[in-house]
Amino acid sequence: MTASRPVVLIDCDPGIDDCLALMYLAGLHHAGEIELVGVTTTAGNVEADQTAANARWILDLCSLSQVPVAPGLPQPLKVELTTTPETHGPTGLGYATAPAPATEPLHRDWRQVWEEALAAHDDLQLIVTGPVTNLAAFEETHSKAAARFGAITIMGGAVNYRGNTTPTAEWNFWVDPHAAAQHFRSTAPQVPTTLCSLEVTEQFLLTPQRLGEVMELLGQHPAAEFLPDVLRFYFEFHQEQGEGYQAQIHDLLTCMIALGRINYKAAETTVAVEADSPLLRGTSVADLRNHWGRAHNARLVTAADIEAAHQEFARGFTLLASH
Ligand code: BDR
Ligand code: CA
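Parameters and conventions
Residues numbered from 1 in each chain as written. Chains lettered and ligands numbered in written order. Predicted model: local features only at pLDDT ≥ 70, side-chain atom pairs only at ≥ 80, totals over all residues. Heavy atoms only, no water. Phe/Tyr/Trp six-rings, centres within 6.5 Å; stacked < 30°, edge-to-face > 60°. Helix = DSSP H or I, 4+ residues; strand = E, 2+ residues; numbered from the N terminus. Buried < 20%, exposed > 50% of the residue type's maximum accessible area, 1.4 Å probe, protein only. Lys NZ or Arg CZ within 6 Å of the ring centre and 35° of its normal. Donors = N, O, S within 2.8 Å, 3.2 Å for Na, K, Ca; no water. Expected span 1.5 Å × (residues − 1). Contact = heavy atoms within 4.5 Å. Core = buried A, V, L, I, M, F, W, Y, C linked by side-chain atoms within 4.5 Å. Near = heavy atom within 4 Å. Polar contact = N/O pair within 3.5 Å; in protein donor to acceptor, adjacent residues only side chain to side chain. Areas by Shrake-Rupley, 256 points an atom, 1.4 Å probe, with all protein chains shown as cover. Pairing = 2+ DSSP bridges.

Caption draft 1: Examining the packing of aromatic side chains more closely. In this structure the tally under the stated criterion is twelve aromatic pairs. Consider the rings of tryptophan 114 and phenylalanine 149, whose centres lie 5.8 Å apart with planes at 80°: the pair is edge-to-face. In this pair, tryptophan 114 sits in helix α4 (residues 110-120) while phenylalanine 149 sits in the loop between α6 (143-146) and β5 (151-155), placing the two residues 35 residues apart along the sequence. Considered together, tryptophan 114 and phenylalanine 149 belong to a single accessibility category, that of buried residues. With a centroid separation of 4.8 Å and an interplanar angle of 90°, the aromatic rings of phenylalanine 313 and phenylalanine 317 are classed as edge-to-face. Residue phenylalanine 313 and its partner phenylalanine 317 are both found in helix α13 (residues 306-321); the two are separated by four residues, about one turn of the helix. When sorted by exposure, phenylalanine 313 lands in the same class as phenylalanine 317, which is buried. Here the aromatic residues Trp110, Trp114, Phe138 and Phe149 are joined through ring pairs into a cluster of three or more. Its guanidinium or amino end placed over the ring of tryptophan 174, arginine 281 lies 3.8 Å from that ring's centre, counting from NZ or CZ.

Structural data, given as structure tokens:
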């Protein structure tokens, strides 16, 4: 596989912004710009079986029934699962609901999906847009295979920044703080992790006007019927949070950064995540001045070209609509 056509595995928890990320990846896949070889899901925004049913539905709507979807671990590594229906709706897709999966019973083993993808492709790119549960577990049980990822990109953390779940923690890292902590302890520096933290991802805002433009591009695409219901819930949630009638699209921006489709800045640094302190659960810190003297384990994204991301969003959905 050449570098110009990255092979991608995504581990996600759809989830409204995860849904947009999957649709974007589907557009690039149909255009031959990437090869999407699998989707596995985490428990996070809703339970892992539900996130898998949602992912299956989105891929089916995007004519990607051949791409395997498998639910991952049902619980975080050490804490009880907390979900967030108030953010993403009762089943994770706002006011829309996925039907029972039609194309696949979702009984595939997620670890097998990862192993097969790693065995078949050098330079496999892993994108994680939910809690880090599956990745941390895989790194523990399949450490040799995990070291073969070509790149790992994670949406998570409010690194040296204010949180969206507690004063200092971002949702994905807060849901499974031990997984995030373990990943950043375990990987240095075998597989570089690009970390897209809240400070950058919350800048990518979808407004009703931008959504209208995207809907026009989608035209008669089967997903177009549901997308306004999905996004309306997310707009309302952000408004209740005092953010205005718009939505932060963290996971889609993360995919664009993972694939190098927009310009961004990153700092090589050492990231650590606090897991056990009740007050600081899920808090992430980057040692930007090298106080710890530890090996770098992350490329922390510090800025991204947000206007280019909007253009790339439109381009990806145009590709999706034309296939
Ligand atoms: C992250 O949390 C989830 O609710 C979103 O899907 C995103 O991955 C943002 O904090
Ligand atoms: Ca997510």
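Caption draft 2: Main features of the coordination of the calcium ion (ligand 2). Looking at the calcium ion (ligand 2), the protein donor atoms are Asp13 (OD), Asp18 (OD), Asp18 (OD), Thr129 (O) and Asp251 (OD), and they sit 2.3 to 2.6 Å from it. What makes threonine 129 buried here is its relative accessible area of 0%. For aspartate 251, a relative accessible area of 2% corresponds to the buried category.

Caption draft 3: Geometry of helix α2 (residues 48-61). Helix length check: α2, at 14 residues, gives a terminal C-alpha distance of 20 Å against a target of 20 Å (1.5 Å per residue), a fit within 8%. Of all 14 residues making up α2, eleven are buried, and the element is well covered by its neighbours. For α2, the elements touching its buried residues are α1 (16-30), β2 (35-41) and β3 (69-71). Positive backbone phi, at 55°, marks serine 63, one or two positions downstream of α2.

Caption draft 4: A look at the nonpolar core. The biggest cluster of nonpolar side chains holds 66 residues, and the ones touching the most others in it are Met23, Val39 and Leu231. Val7, Ala136, Val159 and Ala181 belong to the second largest nonpolar core, which has 35 residues in total.

Caption draft 5: Broad picture of the site of ligand 1. Taken together, Asp17, Asp18, Asn45, His88, Thr129, Met155, Asn164, Glu170, Trp171, Asn172, His250 and Asp251 make up the full set of residues adjacent to ligand 1. Between an oxygen atom of ligand 1 and a main-chain N or O atom of threonine 129, the distance comes to 3.1 Å. Separating an oxygen atom of ligand 1 from a side-chain N or O atom of asparagine 172 is a distance of 3.1 Å. Alone, ligand 1 offers 280 Å² of accessible surface; in the complex the protein occludes 97% of this. Listed by contribution, the elements that provide at least two residues to the shell around ligand 1 are α1, α7 (171-175) and α12 (250-258).

Caption draft 6: The arrangement of helix α8 (residues 177-186) in detail. Where burial is concerned, most of α8 is hidden: eight out of the ten residues are buried. For α8, the full list of buried residues reads Pro177, His178, Ala179, Ala180, Ala181, Gln182, His183 and Phe184. Looking at the buried side of α8, the elements it contacts are α5 (133-141), β5, α7, β6 (193-196), β10 (271-273) and β12 (298-304).

Caption draft 7: Structural view of the pairing of strand β4 (residues 125-128). Neither face of β4 is exposed, since Gln125 and Ile127 on one face and Leu126 and Val128 on the opposite face are all buried. Strand direction decides the pairing type here: strand β1 (residues 7-12) and β4, joined by four bridges, are parallel. If you follow isoleucine 10 over to β4, its bridge partner there is isoleucine 127. Summarising the sheet, β4 and β5 pair through four bridges and their orientation is parallel. Following the sheet pairing, glutamine 125 is matched in β5 by alanine 151.

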